[in-house]
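Residue-level structural notes
Chain by chain, the residues:
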Amino acid sequence: MIEVEHLSKLYGSTTAIEDVTFAVERGEILGFLGPNGAGKTTTMRILTGYLPATSGTAKVAGFEVHEDSLAVRRQIGYLPETPPLYPEMTVEGFLHFVARIKGVSAGDRAHQVESAMSRCGLMEKRTTLIRKLSKGYKQRVGIAQAIVHDPPAIILDEPTVGLDPRQIIEVRNLIKSLAGDRTIILSTHILPEVSMTCSRVAIINRGRIVATNTPENLMTQLSEASSYEVEVAADTDEAETQLISSLKGLAGVKQVERLTINLPEHRFKLRVTTEQGAESVGRAIAATVVGGGLGLEEMRRTQVSLEDVFLQLTTEEAPLETDTESQTETTGEAA
Amino acid sequence: MRVIIANILAIYQRELRSYFASPLAYVVAGIFWLLAGIFYTALLLGPDGVIQRAALIDLQSQQLGVPAPPVDAPTILLRFFLEALGFISIFILPVLSMGLYAEERKRGTLELLATSPITNWAVALGKLLAVVTFFLTMVLPLLLYQAIAYAATNPPMSVAIVLLGHLGLILLAASILSLGMFISSLTDSTILAAIFTFALVLLLWMIDSLSKSFSGPLGSVLGHLSLLKHYGNLTQGILDSSSLILFASYIILGLFLTAQSIEAFKFQRS
């Protein structure tokens with residue numbers, strides 16, 4: 001339904017997205033996950049024909065987004081970051097207007113507007129002026145305008161941002177109810193949101209796709225892999241090197257790394273990452289340390305959280321704080 | 001083609017409704033009517049008014065003993081009044097056009113329009129038609145003043161001349177609004193849009209007198225661009241095709257630049 005190949009976008013000399021490739025099948029909900037400024041909005045704007053790409057192709061329902069822009073726009077319902085609303089119009093009047101410019105025929109219009117309003121729970125607000133609605137209702141009107149022409153593809157940019165927890169749940173349920181034979185792409189920087197609504201996740205960082213998988217696979221992959229932190233007392237440096245190499249030889253051990261923490265002399269700390277589904281590695285690690293005549297001062301199992309891996313995937317050498325800061329700035333300019 | 005017309009109509013109706021729902025539009029209309037009323041009264045009864053002048057001519061002819069040529073005061077009044085309306089319009093119209101796109105940019109609704117299956121041209125044309133229609137509804141009540149003067153013209157004034165004058169007023173307004181729409185598409189500040197539109201319109205209004213300081217072809221080209229000159233021709237009942245072409249050019253230029261600037265706006269975002 002949606003195919004994106006080697007898509008890149010430069011703003012002057014800044015790269016917003018680089019070589020982004022993914023595909024979404026009919027009926028799928030793809031979650032676009034990434035920190036602020038990672039290029040989510042840019043990708044979505046290219047898909048909707050709002051922005052031209054610098055290079056690469058994007059196709060929606062077989063139409064190229066730039067060459068066949070008008071054809072693509074007919075296939076797509078789009079909710080931008082800020083819902084595009086006319087405050088002086090009523091909910092119903094606004095949806096009628098959107099249905100008209102989206103090319104819904106006069107005969108179908110009343111019915112389509114009605115069904116979009118009932119799906120989004122707007123029936124009791126139909127004659128209310130948009131400027132008098134609460135933020136949650138405005139967001140619903142935003143979603144309603146994206147589905148009023150019953151498009152096969154729906155693109156939602158951060159649909160739950162700025163809502164209270166109850167509204168977030170409502171909007172997520174609404175999005176799930178929209179699936180079926182429609183294709184949905186939604187962007188978010190909230191991890192659990194993806195696992196709750198999406199059938200597939202693309203993690204994007206600094207304009208590049210770093211992982212694509214189903215949320216279940218990502219979750220299992222992440223929750224099964226665990227690691228141990230081991231603090232050892234040893235008299236010599238050779239003992240340390242020897243221990244590391246023998247730990248690496250154990251079955252089920254994926255990686256051993258030395259943690260640089262200030263410790264008293266003759267003490268060191270290791271992180272041993274185990275492979276997925278490996279069992280009783282902890283026992284073997286303890287036995288190795290003690291068997292080598294070393295002192296096992298502390299041993300702790302740490303479960304890798306979803307957040308950890310997300311951060312691992314999305315942060316490089318740069319320290320996290322300054323990283324997100326500079327990227328938020330770029331978003332500010334992009335918006 | 002039917003789709004395009006349907007789209008233009010959709011934009012037109014939404015825009016027109018938003019004018020009728022906007023307090024600002026009513027304030028503008030109110031000021032317009034007030035100023036028009038003041039000008040009408042001043043032109044008729046003021047110290048330099050039509051009646052005083054007619055009386056002066058009468059007095060002079062009596063003193064000299066020469067029979068005065070008949071003075072048709074209502075016809076002169078109508079012509080002056082139309083010129084005054086044109087003059088008021090250059091202050092009023094930038095306020096009507098300032099929000100056309102600036103407001104959409106500020107609210108983010110431009111993103112809705114730009115991702116809908118509708119061309120920039122259709123949006124611009126629908127908006128222009130809507131704001132011209134709103135201006136027409138502002139002019140309609142003033143026809144009552146003019147009807148009173150028209151009824152008193154002697155010899156009866158030709159309807160064609162009156163209609164031509166009003167056609168001129170509409171073309172003048174459409175030209176200013178079209179250029180104002182373009183300026184509004186360049187910024188998301190309505191105030192800036194109004195100020196720049198006013199400056200541009202004032203320049204196009206005065207360019208006739210400015211052109212006199214240039215000699216040769218440049219001066220005559222500049223003189224032809226003047227809104228005042230061409231509007232003046234039409235209010236006096238002179239139908240010159242060059243005036244019609246000039247106004248049409250301004251309207252089309254405004255539409256074209258608007259469509260282009262929205263396209264460019266999508267490209268240059270950074």
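For the structure itself, consult the block above.
Basis of the calculations
- Residues numbered from 1 in each chain as written.
- Chains lettered and ligands numbered in written order.
- Predicted model: local features only at pLDDT ≥ 70, side-chain atom pairs only at ≥ 80, totals over all residues.
- Heavy atoms only, no water.
- Phe/Tyr/Trp six-rings, centres within 6.5 Å; stacked < 30°, edge-to-face > 60°.
- Helix = DSSP H or I, 4+ residues; strand = E, 2+ residues; numbered from the N terminus.
- Buried < 20%, exposed > 50% of the residue type's maximum accessible area, 1.4 Å probe, protein only.
- Lys NZ or Arg CZ within 6 Å of the ring centre and 35° of its normal.
- Disulfide = S-S within 2.5 Å.
- Pairing = 2+ DSSP bridges.
- Axes fitted to C-alpha atoms, helices over the stretch in contact; angles between N-to-C directions.
- Contact = heavy atoms within 4.5 Å.

**Things to note about the packing of aromatic side chains**
- In this structure the tally under the stated criterion is twelve aromatic pairs over all chains.
- Measuring from centroid to centroid gives 5.4 Å for B:Phe87 and B:Phe91, while their planes differ by 80°, and the two rings are edge-to-face. Here B:Phe87 and its partner B:Phe91 are both found in helix α4 (residues 73–97), four residues apart, which amounts to about one turn of the helix.
- For B:Phe87, a relative accessible area of 35% corresponds to the partly exposed category.
- Among the aromatic residues, ring-to-ring pairing joins A:Tyr86, A:Phe94 and A:Phe97 into one connected group.
- When the ring centre of A:Phe97 is taken as reference, the NZ or CZ atom of B:Arg14 above it lies at 5.7 Å.
- Note that B:Lys127 overlies the ring of B:Tyr101, its terminal NZ or CZ placed 5.1 Å from the centroid.

**Brief notes about the state of the cysteines**
Residue and element names in this part refer to chain A.
- The full count for this structure, using the stated rule, is zero disulfides over all chains.
- Free of any disulfide, Cys120 has its nearest cysteine sulfur in Cys198, 17 Å distant.
- Judged by relative accessible area, Cys120 falls into the buried class, the value being 3%.
- In this structure Cys198 comes out as buried when scored by relative accessible area, which is 7%.

**Details of the sheet that holds strand β6 (residues 76–79) of chain A**
Residue and element names in this part refer to chain A.
- The strand order across the open sheet built from six strands is β6-β7-β8-β3-β9-β10, with neighbouring strands paired in mixed fashion. The open sheet is flanked by β6 and β10 (208–213), the only strands paired with a single partner. Within this sheet the neighbouring strands show an average axis-to-axis angle of 15°, counted without direction.
- Here five bridges tie strand β3 (residues 29–33) to strand β8 (residues 183–188), and the two strands are oriented parallel to one another. Looking at the pairing, Phe32 lines up with Ser187 of β8.
- Helix-sheet contacts for helix α1 (residues 40–47) involve β3, β6, β7 (153–157), β8 and β9 (200–205), and the interaxial angle to β8 is about 150°.
- Lying on the sheet, helix α5 (residues 135–147) is in contact with β6 and β7; it crosses β6 at an angle near 165°.

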